[in-house]
Amino acid sequence: MAKHSIGLIPADGIGPEVVTQAVRVLRALAKSERGLEFSFTKYPWGSDFYHETGRMCPENFLNRVRKHDAILLGAVGRPDIPDHITLNQLLLPLRRGFDLYVNMRPIVLYEGLESPLRGYEPGDIDMLFFRENTEGEYSPIGGRHYEGHPSQMAAQITLFTRMGCERIIEAAFEAALKRKKHVTNITKSNAQGHTLVMWDEIFEEVAARPRYKGVETAKYLVDAAALEFVRRPEHFDVVVSTNLFGDILTDLGAAIVGGLGVAASANTNPKGDAPGLFEPVHGSAPDIMGKGIANPVAALISAALMLDYLGEERASKRLDGAVRAHLAEGNRTADLGGTGTTRSVATDVIKRL
Ligand code: GGG
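Quick summary incoming for the structure in this document.

The rules behind the values
- Residues numbered from 1 in each chain as written.
- Predicted model: local features only at pLDDT ≥ 70, side-chain atom pairs only at ≥ 80, totals over all residues.
- Heavy atoms only, no water.
- 1 Å grid on protein atoms, 1.4 Å probe; cavity = no way out; pocket = protein on both sides within 12 Å on 5 of 7 lines; lining within 4 Å.
- Points joined across faces, edges and corners; volume = space filled by probe spheres on them.
- Helix = DSSP H or I, 4+ residues; strand = E, 2+ residues; numbered from the N terminus.
- Nonpolar A, V, L, I, M, F, W, Y, C, P; charged D, E, K, R; others polar.
- Contact = heavy atoms within 4.5 Å.
- Salt bridge = Lys/Arg side-chain N within 4 Å of Asp/Glu carboxyl O.
- Buried < 20%, exposed > 50% of the residue type's maximum accessible area, 1.4 Å probe, protein only.
- Phe/Tyr/Trp six-rings, centres within 6.5 Å; stacked < 30°, edge-to-face > 60°.
- Near = heavy atom within 4 Å.
- Polar contact = N/O pair within 3.5 Å; in protein donor to acceptor, adjacent residues only side chain to side chain.
- Areas by Shrake-Rupley, 256 points an atom, 1.4 Å probe, with all protein chains shown as cover.
- Sits in = over half its atoms within 2 Å of the grid points.

## A look at the layout of surface pockets
Space inside the largest pocket adds up to approximately 1100 Å³. At the level of secondary structure, the elements contributing two or more residues to the lining of the largest pocket comprise strand S4 (102-108), strand S5 (126-132), helix H5 (162-178), strand S11 (264-268), helix H9 (297-309) and helix H10 (313-329). Examining the composition of the lining of the largest pocket, we find that 6 residues originate from one element, H5, more than from any other. A breakdown of the residues in the lining of the largest pocket according to their chemical character gives 19 nonpolar, 3 polar and 12 charged. For the second largest pocket, the calculated volume is near 420 Å³. What lines the second largest pocket is a set of 25 residues, and nearest its centre among them are Val76, Leu87, Val281, His282 and Gly283. The set of elements that each furnish at least two residues to the lining of the second largest pocket consists of strand S3 (70-75), helix H4 (83-97), helix H8 (243-256) and strand S12 (276-280). Here the lining of the second largest pocket is composed, by residue class, of 11 nonpolar, 6 polar and 8 charged.

## Brief notes about the environment of Val23
Among the secondary structure elements, Val23 is positioned in helix H1 (residues 15-32). C-alpha of Val23 to C-alpha of Ile6: the two residues are 17 residues apart in sequence and 9.8 Å apart in space. With near-sequence residues (within four places) excluded, Val23 lies in contact with Leu8 and Phe40.

## Quick look at the pattern of salt bridges
Inspection of the entire model under this criterion finds 24 salt bridges. One salt bridge in this structure joins Arg131 and Asp247, with 3.7 Å as the shortest N-O distance. Remark: Asp247 occurs in helix H8 and Arg131 occurs in strand S5; sequence separation between them is 116 residues. Of the residues examined, Arg131 reaches a relative accessible area of 1% and is grouped as buried.

## Some details on the packing of aromatic side chains
Enumeration according to the criterion identifies 10 aromatic pairs in this entry. Each residue in the set Phe129, Tyr220, Phe229 and Phe236 is aromatic and connected to the rest through ring pairs, giving one cluster.

## Comments concerning unusual backbone geometry
Positioned with a positive phi, Asp99 is a non-glycine residue whose angle comes to about 55°. Positionally, Asp99 belongs in the loop between H4 and S4. Taking the relative accessible area as the measure of exposure, Asp99 reaches 28% and is therefore partly exposed. Of note in this structure, Tyr146 is not a glycine but carries a positive phi near 55°. Here Tyr146 shows up in the loop between strand S6 (142-145) and strand S7 (153-156). Judged by relative accessible area, which is 45%, Tyr146 ranks as partly exposed.

## A word on the site of the ligand
Around the ligand, the structure places 16 residues, and the nearest of them are Val76, Arg131, Glu279, Pro280 and His282. One nitrogen or oxygen atom from the side chain of Arg105 is found 3.3 Å from an oxygen atom belonging to the ligand. Contact between the ligand and Pro280: a nitrogen atom at 2.6 Å from a main-chain N or O atom of the residue. For the ligand, the accessible surface in isolation is 370 Å², of which the surrounding protein chains cover 87%. Taken atom by atom, the bulk of the ligand overlaps the second largest pocket. Of all the elements in the fold, those that place two or more residues in the shell around the ligand are S3, H4 and S12.

Right, here's the structure in full:
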């Protein structure tokens, strides 16, 4: 137990609303958990900051937040600023700047929630997705040429390194050792015969290590994987994929377990010392911003992942349990069929801690 320094980047849209409630819940948890303490520092970065300064965050932003033990982020994006600016000036540089190569996203059909898939009961869908988070299709390498002219062109290099592939695949296998000893590899190596064939080869190499003896593997092309996520999601446990495929498949994963309101994520570097970054998978949802009805559950589960990362296993389990109890019995927000508000959901979770 220690005092944990948490950087808050609530950012845009419903981000500040869900982060405010997550902080309320964390403070309540600290009050009832002996020795658990937090200090929170809020950073006013995001789209308002962009309108004031021309940038989503200051140039030295990584140094400003490096001192924290972890960072809790809300959501990034606003309709009056192009999405490629908001994302490429804040969230992606944070992930890359701190080399947070693991984007771990649980996909769980919680008690009380209904899957749009027929015949699935709570617990039937329970995956842990490992999305590569620093390179691949999101590599910021490329440019535009003759912009605005009929002959204009654009190129964006999809860069995969041996180190990048190996370390995310290793992270997936390490998780599999603690779960059902099963890893599914998802690529598109029939079409992308250079990069993703290399990825597949590295997957096979890692799978063959004595340490992972007994871990079963499966392999899908991303199109077939999308089909199988809908047809038989129970066949997936630990899943590993590339940056872009992982981004898309985890939204599909969220859809089959109740929506983005419950989709949490952890961006970490298990081999480094930079702070982990925890964020709901959802975006800024400008259509419901300011109405007080955003679902804070994804932010709360992200906070539980953060506690686990900080070594606060007991507190993490308590928070996770309280959120699960809320989903099973409480008045959920409208996206999950209830009439609860962002604040009332957090209050209910606090009562159940
Ligand atoms: N909650 C973080 C957020 O705003 N995500 C929106 C988004 O577009 N994310 C893209 C990504 O995760 O790569």
